[in-house]
Amino acid sequence: MKDNRWEVMNEQTKLTEVKQRIEAACKRADRSTDSVELIAVTKHVDAAKILDLHQLGLSQFGENRADVLVKKAAELKDHSIDWHYIGSLQTRKVRQVLPLISCLHSLDRESLAVEIEKRAETEIPCFLQVNITGEASKHGFSPEEALAFVNRFDFQKIKVIGLMTMAPLTEDDAIIRQAFTDLAALGQAIQKLAVRQAPCLKLSMGMTNDFEIAIEEGATHIRIGRALVE
Ligand SMILES: *Cc1c(COP(=O)(O)O)cnc(C)c1O
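Within each chain, residues carry numbers counting from 1 in the order of the written sequence. Where totals are concerned, whole chains, interfaces and linings use all residues; where local detail is concerned, this predicted model gives features only for residues with pLDDT of at least 70, and gives and counts side-chain atom pairs only at 80 or more. Water and hydrogen atoms play no part in the side-chain values, which are based on all heavy atoms of the structure.

### Here's the deal with the site of the ligand
Part 1 of the reasoning: Residues are counted as near a molecule or strand when any one of their heavy atoms sits within 4 Å of it. The environment of the ligand is formed by Val 41, Lys 43, Ile 86, Met 164, Met 166, Met 207, Thr 208, Arg 223, Ile 224, Gly 225 and Arg 226.
Part 2 of the reasoning: Lys 43 places a polar side-chain atom, nitrogen or oxygen, 2.8 Å from an oxygen atom of the ligand.
Part 3 of the reasoning: Split by residue class, the shell around the ligand holds six nonpolar, two polar and three charged. For this analysis, a polar contact is any N or O atom pair within 3.5 Å, provided that within protein one partner can donate a hydrogen and the other can accept it, and provided that sequence-adjacent residues contribute only side-chain to side-chain pairs. Charged means Asp, Glu, Lys or Arg here, nonpolar means Ala, Val, Leu, Ile, Met, Phe, Trp, Tyr, Cys or Pro, and polar covers whatever is left, Gly included.

What follows is the structure, given as structure tokens:
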């Protein structure tokens, strides 16, 4: 058996640091620490490493590829883990992925919603993925499309619990912050539509580079990969 005490210690140190940074950001924003859900993004590590993190007390894990999720979920089926799907989801993978996940962060198009409605056996909490800055390379609804989508919402199995975005890759904190405040404002506009299946109270935003800004701007779910596992 491999002696992985050093690695575990390393993970512990990283987790402690991330938690301290979350706490500090919450304090600055006058929020309670438990208003922020930490999702460990494990797309670059194997099941053994996920188990290390699980033993350190984490239970929410994010994956972005269907085949990898299926494999890891099987390997870790004896542990109480909530899987969050955060990647682009192909329509033909919906049937496989849905039963494994507790939440979909990447509902990024109408055709995916139609497929989920057809395949889901129970209600599935979803975030609408929004391309808030309009970058050509990014998946997601435009803000206008997201509003229109909820306005004509006719799904029973999908619950739009909130919005998700990825901030632009930039060193400029002001640009990142703007993306997050725009997403929060869009969430409020969608709340005003008062659609029963779309309460839209949550915000999935913030990654290793920008989670503190995201928390200051109202993130309820942060998705952290590199800061926890490198
Ligand atoms: C990889 C990924 C993350 C985590 O990114 P880090 O920079 O490693 O924290 C978060 N969200 C999505 C959608 C990702 O694909």
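### Side note on unusual backbone geometry
Part 1 of the reasoning: In the Ramachandran plot, Ala 194 falls in the positive-phi region, its phi being about 55° despite a non-glycine side chain.
Part 2 of the reasoning: Secondary structure elements are defined from DSSP: runs of H or I of at least 4 residues count as helices, runs of E of at least 2 residues count as strands, and each element is numbered from the N terminus. Take Ala 194: it is sitting in the loop between helix 7 (173–192) and strand 7 (202–204).
Part 3 of the reasoning: In this structure Ala 194 comes out as exposed when scored by relative accessible area, which is 64%.
Part 4 of the reasoning: One non-glycine residue, Cys 200, adopts positive backbone phi at about 55°. Exposed residues in this analysis have more than 50% of their type's maximum accessible area, buried residues have under 20%, and partly exposed residues fall in between, with area computed by a 1.4 Å probe over protein chains only.

### Description of the packing of aromatic side chains
Each aromatic ring pair is characterised by the separation of its centres together with the angle its planes make.
Part 1 of the reasoning: Put simply, two rings from Phe, Tyr or Trp (the six-membered ring, in Trp's case) pair if the centres are within 6.5 Å, and we call them stacked under 30 degrees between planes, edge-to-face over 60, tilted for the rest. Taken as a whole, this structure holds five aromatic pairs when the rule is applied.
Part 2 of the reasoning: For the pair Phe 61 and Trp 83, a centre-to-centre distance of 6.2 Å together with 45° between the ring planes defines the contact as tilted. With a gap of 22 residues between them, Phe 61 in strand 2 (residues 60–63) and Trp 83 in strand 3 (residues 82–85) connect regions that are remote in the sequence.
Part 3 of the reasoning: A relative accessible area of 5% places Trp 83 in the buried class.
Part 4 of the reasoning: Seen from their ring centres, Phe 141 and Phe 149 are 5.0 Å apart, and the 40° between their planes marks the pair as tilted.
Part 5 of the reasoning: Members of the aromatic cluster, connected to one another through ring pairs, are Phe 141, Phe 149, Phe 153 and Phe 155.

### Re the UniProt feature "modified residue: N6-(pyridoxal phosphate)lysine" (unreviewed entry) in the chain
Part 1 of the reasoning: In the numbering adopted here, UniProt assigns the feature "modified residue: N6-(pyridoxal phosphate)lysine" (unreviewed entry) to Lys 43.
Part 2 of the reasoning: The class of Lys 43 is partly exposed, set by a relative accessible area of 37%.
Part 3 of the reasoning: We call two residues contacting when some pair of their heavy atoms lies within 4.5 Å. For Lys 43, the contacting residues outside a window of four places in its chain are Gly 62, Glu 63, Asn 64 and Lys 72. UniProt positions are given in the numbering used here, feature names are shortened, and annotations may be inferred rather than shown by experiment.

### A few points about the pattern of salt bridges
Part 1 of the reasoning: When a carboxyl oxygen of Asp or Glu is within 4 Å of a side-chain nitrogen of Lys or Arg, the pair counts as a salt bridge. In the structure shown here, the tally under the stated rule is 14 salt bridges.
Part 2 of the reasoning: In this structure, Asp 67 engages Arg 65 in a salt bridge whose closest nitrogen and oxygen atoms are separated by 3.2 Å.
Part 3 of the reasoning: Overall, Asp 67 belongs to the partly exposed group, its relative accessible area being 41%.
Part 4 of the reasoning: For Glu 110, the salt bridge is made with Arg 152, and the minimal N-O distance between the two is 2.4 Å. Pair noted here: Glu 110 is in helix 5 (residues 110–119) and Arg 152 is in the loop between helix 6 (143–151) and strand 6 (158–164), with a separation of 42 residues, a long-range link.
Part 5 of the reasoning: On the basis of relative accessible area, Glu 110 is assigned to the partly exposed category, the value being 30%.

### Brief notes about helix 2 (residues 47–55)
Residues three or four positions apart in an α-helix share a direction because the helix packs 3.6 residues into each turn.
Part 1 of the reasoning: Considered for burial, the residues of helix 2 that qualify are Ala 47, Lys 49, Ile 50, Asp 52, Leu 53 and His 54.
Part 2 of the reasoning: Backbone geometry just after helix 2 places Gly 57 at a positive phi near 110°.

### Side note on the environment of Phe 155
Part 1 of the reasoning: Relative to the elements of secondary structure, Phe 155 occurs in the loop between helix 6 and strand 6.
Part 2 of the reasoning: Look at Phe 155 and you get buried, because its relative accessible area is 10%.
Part 3 of the reasoning: Along the backbone, Phe 155 and Asp 78 are 77 residues apart, and their C-alpha atoms lie at a distance of 32 Å.
Part 4 of the reasoning: Contacts of Phe 155, omitting those with residues within four sequence positions, involve Glu 110, Ala 113, Val 114, Glu 117, Phe 149 and Gln 197.

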